[in-house]
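Results of the structural survey
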Amino acid sequence: MTAVTVVPPPQLDGLRRALVLVEDRIGHYPEFRRFFADTFDLDRRGLREPGHVTAPSGNCYALVFIGRSGEAFPAGVEIHALVPALEPLDESIVDRDLWAILRWMIAGVGGDWTVHDLEATGRLYRIPAAL
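Let us look at the structure shown here. (Residues numbered from 1 in each chain as written. Predicted model: local features only at pLDDT ≥ 70, side-chain atom pairs only at ≥ 80, totals over all residues. Heavy atoms only, no water.)

With their axes 9 Å apart at the nearest point, helix α1 (residues 30-39) and helix α3 (residues 91-109) run at an angle of 100° to one another. For the element pair α1 / α3, the angle class is roughly perpendicular. Contacts between α1 and α3 involve Glu31, Phe32, Phe35, Phe36 and Thr39 on the former and, on the latter, Trp104, Met105, Ile106, Gly108 and Val109. Across the contact of α1 with α3, the residue classes tally to seven nonpolar, two polar and one charged. (Axes fitted to C-alpha atoms, helices over the stretch in contact; angles between N-to-C directions. Helix = DSSP H or I, 4+ residues; strand = E, 2+ residues; numbered from the N terminus. Parallel < 35°, antiparallel > 145°, perpendicular 65-115°, else oblique. Contact = heavy atoms within 4.5 Å. Nonpolar A, V, L, I, M, F, W, Y, C, P; charged D, E, K, R; others polar.)

Tallied over the entire structure, the rule returns six aromatic pairs. Note on phenylalanine 35 and tryptophan 104: the rings are 5.1 Å apart at their centroids and 70° apart in plane angle, and the pair reads as edge-to-face. Of the two residues, phenylalanine 35 is situated in helix α1 and tryptophan 104 in helix α3; the sequence distance between them amounts to 69 residues. Looking at tryptophan 104, the relative accessible area reads 14%, which means it is buried. (Phe/Tyr/Trp six-rings, centres within 6.5 Å; stacked < 30°, edge-to-face > 60°. Buried < 20%, exposed > 50% of the residue type's maximum accessible area, 1.4 Å probe, protein only.)

This part is about the sheet that holds strand β2 (residues 15-23). Pairing in this open sheet of five strands is antiparallel, and the strands run β1-β3-β4-β5-β2 from one edge to the other. Unpaired on one side and paired on the other, β1 (5-7) and β2 mark the two borders of the sheet. Strand-to-strand twist of the sheet, defined as the mean angle between neighbouring strand axes without regard to direction, takes the value 35°. Inspection of the sheet shows strand β3 (residues 51-54) paired to strand β4 (residues 60-66) by four bridges, in the antiparallel sense. Across the sheet, residue threonine 54 finds its bridge partner in β4, namely cysteine 60. α3 contacts β1, β2, β3, β4 and β5 (76-84) of the sheet and is inclined by roughly 55° relative to β4. (Pairing = 2+ DSSP bridges.)

The structure is reproduced here in structure tokens:
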């Protein structure tokens, strides 16, 4: 289990969004777009508000979906860590959380790419969170 959970929008008082990952082309496989659309009810909600997840650290992340004219929605996604406004970002925690979010996404998408393949790729590229 990846310990990533979809949650309702949190209260943002005293928090800031820190951009931690951008994937501007999630439509390379339709399954990725469908995963996000189904998971966050994007066909109904559209661009109205980000989706939110909690990660293994307990931190919350906002997934901001990007729309582009002439492309199916969502066209891309930005992931923002929600952190106390004046606190520094702990990059090692964010890296582990992002890896868990990627594992959750790949498991949810299914198809040809598997979590096993993601982990093998992470080890090959020596991504610390994958080792």
